[in-house]
Amino acid sequence: MKKTLFDKVWDAHVVKEIKDGPQILYIDKHLIHEVTSPQAFGELEQRGIPVFRPDQIVATADHNTPTVDQHLPVKDDLSRNQLEELTKNCKKNNITLYGLGHKYNGIVHVMAPELGITQPGMTMVCGDSHTSTHGAFGTIAFGIGTSQVAQVFASQCLLLQKPKSLRVNVNGKLKSEVLPKDVILYVIAKLGTNAGTGYFCEYAGNVFEDMSMEGRMTVCNMSIEMGARGGMIAPDETTFEYIKGKEFAPQGKEFDKKVAYWQTLPTDEGAIFDKEYHFDAEDIEPMITYGTNPGMGIKISENIPSENNASFEKSLAYMNFEKGQSLVNQKINYVFIGSCTNSRIEDFRVAANYIKGKKKANNVTAWFVPGSQQVAQQIVKEGLNTIFEEAGFQLRQPGCSACLAMNDDKIPEGEYCVSTSNRNFEGRQGQGSRTILASPLVAAATAIEGRIIDISKQLN
Amino acid sequence: MDKFTTLTSSAIPLSIENVDTDQIIPARFLKATSRDGFGENLFRDWRFKKDGSVNEDFALNNAVYKGSILVAGDNFGCGSSREHAAWAINDYGFKVVVSSFFADIFKGNALNNGVLPIQVDKEYLKELFDQIKSNPDSQIEVDLENQKITILATDSSTNFEINPYKKTCLINGYDDIDFLISNKAEIEEFENSKA
């Protein structure tokens, strides 16, 4: 029987099948953060159940943290309480925590891969839907609710139905100004926000094979935005090279042994998927969104489509856009480069490369937020911070920041923000804020111009 | 978890598609460390205007609509994994959400909190919306044992799917933790086989 990458990893983790019911799936790594874990710890405590495998859990503080003055006590009482609760719970249960200020602190989906915690063939979960990010390594990784966080605490397992399989193939040559973010925004615009619901998605084709690990993470990160619980890319030399030498990666002979296993994981030739889609890389251009879900995306060169239904019209009314309108030259006052989608070193290299020698537009407030302490240090090491500062930008400290605006990084009501994050839902970046999703290149260009430009035209 | 067997109630219509969990409970209300009280902020930015006054146009604020069944547009609960969305719906008083499509994570979270998500086809969803809007007092009957939902006034009914394991859990008020812990010996055996 020919197996997919997903089948191979899943089947290797099934502890038991229940007749007419779900399967018990073993979880190798459990990542936690301050927002979706306190009620799970509370539940265990209330029921007198101990944490079963604390050494397979890693915690970070990211969702609710300030991105300035992290050395000072957190001002917001509720946020501070949530962070203190995480520290207390980790200490009590012997769980490793990379809290605020720790050299490994960062957004959970940036921190774990760069430390070598994420490895091919693993099962990983976190109380965060963008856990799909880790699928870039050939890992089954998906977001869970807090009740499930408690289940993994108690048993290192989950009760699950095996999802169906879906493969998205993109082949051909990408234009130089088209980034991984554009590829995934294009795919979601084509397939819609629920095409993947009930499925695990594999991304295949030379476009993904040619991508860096950072690019693959950006793609897998947004799998949930088309409804898929997770997305995966077959591990290859690029994957092994990235993991090699990382802090918690296997070392020496152990590493070679793992690589030999990882090389058996890619989907067998001829394996059947429940659903399959093919796209042509040449058709992809830099993308932006115009509505209030990530499926409402267009090429920058295109106009907003005209659909006659109440939900579409409600969405355009919220954004204050018209059917048939072009977004080129739309004035933009806010730009956010950050989030678990696009806050890795490669994203800041792209931004710095464009910004070098230019000046920030006067009307623009821009927040550049590295995904982790390690990314922040690398930015300094490569001198990118100097490029940003000379252009009038300032780097902030790591965290989820304006992606979900739980901290003070909120976009004011009615303002547009060109953002490298993953969701353009109503009010996502602050009450009444209007989010336009884009790549770090498009975001950097918007910050320089103070308006949306047709980046392909400018660069070619 | 509360047990769920049957429910007969009027329903509140929310005829919006792609209702995401950021609308169900905005991120700024996720700072609590307990599960209680989220109902107060359910659909916060749709229920209240920016100045804090009540948005009379929103279905939940319309006095003619009441009940413990929420009938919502396609792709309900998409977006973030926050279980706070299911807690908010439960805490507000809903025991059933009906839609033509649910996002995966929300569906699981709802079931883990004794809230029954019922997926019906688009025609039946339209029938429900039409019935509730023409007569807001219309009683809807949900029978979990027989996996059946009925509009009592017209006797129009349809069957719905639910995983047999989850059905047993809801009917008996069981949750997954006890079940998983009861399998600990096999879990440890699995670990040893991989070591």
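Everything quoted here is computed from the prediction, not taken from an experiment. (Residues numbered from 1 in each chain as written. Chains lettered and ligands numbered in written order. Predicted model: local features only at pLDDT ≥ 70, side-chain atom pairs only at ≥ 80, totals over all residues. Heavy atoms only, no water.)

Novice: I would appreciate a short explanation of the domain arrangement of chain A in the present structure.
Specialist: One frequently used descriptor of interface size is the decrease in accessible area upon assembly of the parts. Residue and element names in this part refer to chain A. Domain assignment breaks chain A into domain 1 (5-276) and domain 2 (289-457). One C-alpha centre belongs to domain 1, the other to domain 2, and the line joining them spans 24 Å. With 43 residues of domain 1 at the interface, the matching set in domain 2 holds 42 residues. Taken together, the two surfaces of domain 1 and domain 2 that pack against each other cover about 3,400 Å², and 56% of this comes from carbon and sulfur. Between Arg423 and Glu225 there is a salt bridge, with its nearest N and O atoms 3.1 Å apart. The tally of links from domain 1 across to domain 2 stands at 23 residue pairs in polar contact (both at pLDDT 80 or more). (Domains from an automatic or database assignment. Contact = heavy atoms within 4.5 Å. Buried area = accessible area lost by both parts, 1.4 Å probe. Salt bridge = Lys/Arg side-chain N within 4 Å of Asp/Glu carboxyl O. Polar contact = N/O pair within 3.5 Å; in protein donor to acceptor, adjacent residues only side chain to side chain.)

Novice: What exactly am I supposed to notice about the sheet that holds strand β1 (residues 6-9) of chain B here?
Specialist: Note on sheets: strands pair through backbone hydrogen bonds, and any given pair is parallel or antiparallel. Residue and element names in this part refer to chain B. Pairing in this open sheet of four strands is antiparallel, and the strands run β1-β6-β7-β8 from one edge to the other. Edge positions in the open sheet fall to β1 and β8 (156-159), since each of these has one partner strand only. Taken over all neighbouring pairs, the strand axes of this sheet differ in orientation by 10° on average, direction set aside. The sheet contact formed by strand β7 (residues 148-151) and β8 spans four bridges and is antiparallel. Note on β8: the bridge partner recorded for Ile151 is Ser156. Sitting on the sheet, helix α5 (residues 122-134) touches β6 (140-143), β7 and β8, and the angle it makes with β7 is about 35°. (Pairing = 2+ DSSP bridges. Helix = DSSP H or I, 4+ residues; strand = E, 2+ residues; numbered from the N terminus. Axes fitted to C-alpha atoms, helices over the stretch in contact; angles between N-to-C directions.)

Novice: Explain the pattern of salt bridges here, please?
Specialist: Side chains that carry opposite charge are capable of pairing whenever their charged atoms lie near each other. Counted by the stated rule, this structure contains 32 salt bridges over all chains. Among the ionic pairs, A:Arg47 bridges to A:Glu43, the shortest N-O distance being 2.9 Å. Placement of both A:Arg47 and A:Glu43 in helix α2 (residues 38-47) is noted, with a separation of four residues, approximately one turn of the helix. What makes A:Arg47 partly exposed here is its relative accessible area of 30%. Because the salt bridges share partners, they merge into one network encompassing A:Glu43, A:Arg47, B:Arg35, B:Glu83, B:Asp175 and B:Asp178. (Buried < 20%, exposed > 50% of the residue type's maximum accessible area, 1.4 Å probe, protein only.)

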